[in-house]
Protein chains: 2
Amino acid sequence: MRLSNYFLPTLKEIPAEAQITSHRLMLRAGMINQTTAGIYSWLPIGLKVLQNIERIVAEEQDRIGCHRVLMPTLQPASLWQESGRYEDYGKEMLRIKDRHDRDMLYGPTNEEVITDIMRQYLKSYRQLPQTLYQIGWKFRDEIRPRFGVMRGREFLMKDGYSFDLDYEGAKETYKKIFESYLVIFRRMGLTAIPVRADSGAIGGDLSHEFQIVAPTGESTIYYDESYDSLPLQDMTFEKLQNLYAAADEKHDPNNCPIPANRIKTARGIEIGHIFYFGTKYSKAMKLEVAGPNGEPIIPEMGSYGIGVSRLVGAIIEASHDENGIIWPESVAPFQVGLINAKTGDEKLDSIAGDIYQKLNNQKTEALYDDRAERPGVKFSNMDLIGIPWQVIVGNKTVEYGTVEVKNRQTGERSDISIEECLNKVAKQYTQRISEGLQENENRGAECI
Amino acid sequence: MRLSNYFLPTLKEIPAEAQITSHRLMLRAGMINQTTAGIYSWLPIGLKVLQNIERIVAEEQDRIGCHRVLMPTLQPASLWQESGRYEDYGKEMLRIKDRHDRDMLYGPTNEEVITDIMRQYLKSYRQLPQTLYQIGWKFRDEIRPRFGVMRGREFLMKDGYSFDLDYEGAKETYKKIFESYLVIFRRMGLTAIPVRADSGAIGGDLSHEFQIVAPTGESTIYYDESYDSLPLQDMTFEKLQNLYAAADEKHDPNNCPIPANRIKTARGIEIGHIFYFGTKYSKAMKLEVAGPNGEPIIPEMGSYGIGVSRLVGAIIEASHDENGIIWPESVAPFQVGLINAKTGDEKLDSIAGDIYQKLNNQKTEALYDDRAERPGVKFSNMDLIGIPWQVIVGNKTVEYGTVEVKNRQTGERSDISIEECLNKVAKQYTQRISEGLQENENRGAECI
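Residues numbered from 1 in each chain as written. Chains lettered and ligands numbered in written order. Predicted model: local features only at pLDDT ≥ 70, side-chain atom pairs only at ≥ 80, totals over all residues. Heavy atoms only, no water.

Draft legend 1. Highlighting the packing of aromatic side chains. Under the criterion given, the structure shown has 33 aromatic pairs over all chains. For the ring pair Tyr6(A) and Phe334(A), a centre distance of 5.8 Å and an interplane angle of 80° mean the geometry is edge-to-face. One end of the pair, Tyr6(A), is in the segment before α1 (21-28); the other, Phe334(A), is in the loop between β18 (324-325) and β19 (336-340), and 328 residues separate them in sequence. Exposure class is identical for Tyr6(A) and Phe334(A). Each is buried. For the pair Tyr121(A) and Phe7(B), a centre-to-centre distance of 6.0 Å together with 80° between the ring planes defines the contact as edge-to-face. Taken as a pair, Tyr121(A) in helix α4 (residues 111-121) and Phe7(B) in the segment before α1 (21-28) lie in two separate chains rather than in one. Phe7(B) matches Tyr121(A) in its accessibility class, with the two residues each being buried. Three or more aromatic residues joined by ring pairs make a cluster, and in this case those are Tyr174(A), Phe178(A), Tyr181(A), Phe185(A), Phe210(A), Phe237(A) and Tyr304(A). (Phe/Tyr/Trp six-rings, centres within 6.5 Å; stacked < 30°, edge-to-face > 60°. Helix = DSSP H or I, 4+ residues; strand = E, 2+ residues; numbered from the N terminus. Buried < 20%, exposed > 50% of the residue type's maximum accessible area, 1.4 Å probe, protein only.)

Draft legend 2. Here's a closer look at the relation of the copies chain B and chain A. Note on the copies: chain B fits chain A at an RMSD of 0.0 Å, the axial shift is 0.0 Å, and the rotation between them is 180°. One copy is carried onto the other by what is essentially a two-fold rotation axis. Rotation axis and chain B: the residue whose C-alpha lies nearest the axis is Ile96(B), separated from it by 3.0 Å. When the interface residues of chain B are mapped onto chain A, 100% of them again fall at the interface, so both copies present the same face. (Least-squares fit on C-alpha atoms with pLDDT ≥ 70 in both. Contact = heavy atoms within 4.5 Å.)

Draft legend 3. How the structure looks around the domain arrangement of chain A. Residue and element names in this part refer to chain A. In terms of domains, chain A is made up of domain 1 (21-324) and domain 2 (334-435). Each of domain 1 and domain 2 was reduced to a C-alpha centroid, and the two centroids are 38 Å apart. Contacts between the two partners involve 11 residues from domain 1, matched on the other side by eight residues from domain 2. Between domain 1 and domain 2 the total buried area reaches about 840 Å² when both faces are included, carbon and sulfur atoms providing 51% of it. The largest contributions to the domain 1 side of the interface with domain 2 come from Lys 48, Arg 187 and Asn 323, which together make up 44% of the buried area. The residue Lys 48 makes a salt bridge to Glu 365 at a minimum N-O spacing of 2.9 Å. Inspection of the domain 1/domain 2 interface yields three residue pairs in polar contact (both at pLDDT 80 or more). Mapped onto the side of domain 1 that touches domain 2, the elements with two or more residues apiece are α1, α2 (44-63) and α5 (167-187). It is α2 that provides the largest number of residues to the side of domain 1 that touches domain 2, a total of three residues. Split into classes, the residues belonging to the side of domain 1 that touches domain 2 amount to three nonpolar, two polar and six charged. (Domains from an automatic or database assignment. Buried area = accessible area lost by both parts, 1.4 Å probe. Salt bridge = Lys/Arg side-chain N within 4 Å of Asp/Glu carboxyl O. Polar contact = N/O pair within 3.5 Å; in protein donor to acceptor, adjacent residues only side chain to side chain. Nonpolar A, V, L, I, M, F, W, Y, C, P; charged D, E, K, R; others polar.)

In structure tokens:
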């Protein structure tokens, strides 16, 4: 993408309304624009990051045999009256009347709709187990929306729902998704800590929040120090079940199963939540299948959420410096930021244009800053928007045939030949693509 | 995908509520499920088709230099009060009050939001021209929703908006998008006829509806017979401007510029609509940029819609037979339907499983019917859901090493070796992927 043609409206000023880093940086980097309180438009590079996150989530859900659907944003109130949640939900649920005065709502979550779908099609135990998921927009009418996409009103969520024949089956599904979540977050450069959450009377130990560590996290988490030394293949449900982790409202220092000197403390941001809730919805909404001998079975359900739009903010909270965002390669809007230090110089224009063409040919997504701006403006702009690799074409390129390559994360710079540079970023790209697969193969995850 | 694990709830009965073919077939093929009047959930194969259509639209919009954004579904009423459309829009606009009693609405279209975005960032004539588009969910509260996704209330639309410095620029943008639409529809196996539409006083001749021909179309269109013999490279704006085409409400047989014997009549389904509307919104909402000498310029706008969810139904209306859907390769949920005629037979299971694995390895998306069902059930199921290629593994496979390959569209069958079969579908797949590019290269379209 040539920046001169693109729509990347970066801001110089720090927007006054933004209280936290990710919100400030997303506004400054031209990723989002507020349409009204807690409701945002996603501008081109913001949407690219959002779609990258969405893709990783979908790939990993598909890989473990979940099937993707898409439910509508608006739902009839009648389904929620059936489940008994319509009155309970309070003012966070946006209630709507259509032109025929029918009660509708903008779905804050979808247990009712998915159960309604399944009761129309599930007849026999042979059709189970089954896990469906969607990545769709939800609405929660927060009384005081803030922190940009971290606590917006309209937000994108992956919500999955499982249907099993019995508790044992439901637990197996839960474990599989638990482990898949760790892979998903790892692919985004995040280490997530699953913290046991309250699931009321039903779930027992089958409810976890996934927290990532970030200095600006909303809550404090306390966890066993050995988390920090776990390789991914050790991050199984069984192992992690036995490692202590709790959020502040649950952590009691006087009643903690591990010694205080083994406990680490950090700020955490919740990016996922999974729970088993048995037959709560299937019973209320009369979802039933026939068992092997014709006996009725009420499927056991669980639900599994990931805050997809929230993750955009959460990743920034976890990965930035004073100059701007530092995108992990897997979610970056572009892999390479190509900077022409002297746009208008015939030789440099020709060389940079040629490198840009070659990057396109090898399918490396590049943002080419071909604007007639001072080099300093271009450098700080690339730092701000956080492209992983900066490739700078300048006087040395004409003289020695080299470009300067800067790694946004480490700050490391090297002068290398154009050819070496193209190989390097191409290799990086291939590595990024195969990374998810590789991590799964290491774990022996099955491919459906 | 193994069908035994999949969620593909096909129906044997013809659903009573469905009045038109596409609605009936989408319900029978397990593509959609009605959540409430005019509001649908997309089940796995329905969503796959929807996403394929979305991908083609996005690729072609990107190719001509449009930039993708995503606006929210909910908008503040205040923007529509500014443009003057809030009162005018009537009951099709879903009006909502949030918990603070603020007036909101579910966007039926997005001229106001995009103009609001642009007025915050556009300062100079140097930033233009610019065309942004999104593929997002809209809501129109139809008084009597019907025909499934063809006239639903919640629907997916591509809506694009252009900003130019003057009429000449706006016209150039209009032409570019006009031609891109023809490519988009062609890639989906559709021949679209651009019919001049009423655009009130402003647009002059710059408003077109794109209609596809289908026996069940909602309106009658009259068009110059030479349309049918135009190769794609002839389908330029200039050429088509001079060919007659009109919908019934505009066609006057007593006042038609071409002789009656050159006119063809067909039923048409509207799948796109583009129009230029000058400074209507930019003026009302005070969008202004500084010209070369600092003088204020009010950008000229246009908007460009494609009914993405509607296209799923429209393609089926244009492409089906008495046995079910016939998907064009480019949008099909799977390329190959692999049928094991005798699941449970050890040899056939092994051969079919092996072919399935090879199809996966070569990235040919295959749906493998490995269920313990009668062959007849499997055949009619594959016909119903419309997978382009059926590959049947049966007794002949054990005896001669051949599989039967059936083309869903032509009905043509051939017994070929497994290797030849794999080559054939792989080639087909590659061709499908490069098709769009090729068509554009033929036209000399620029790649941004």
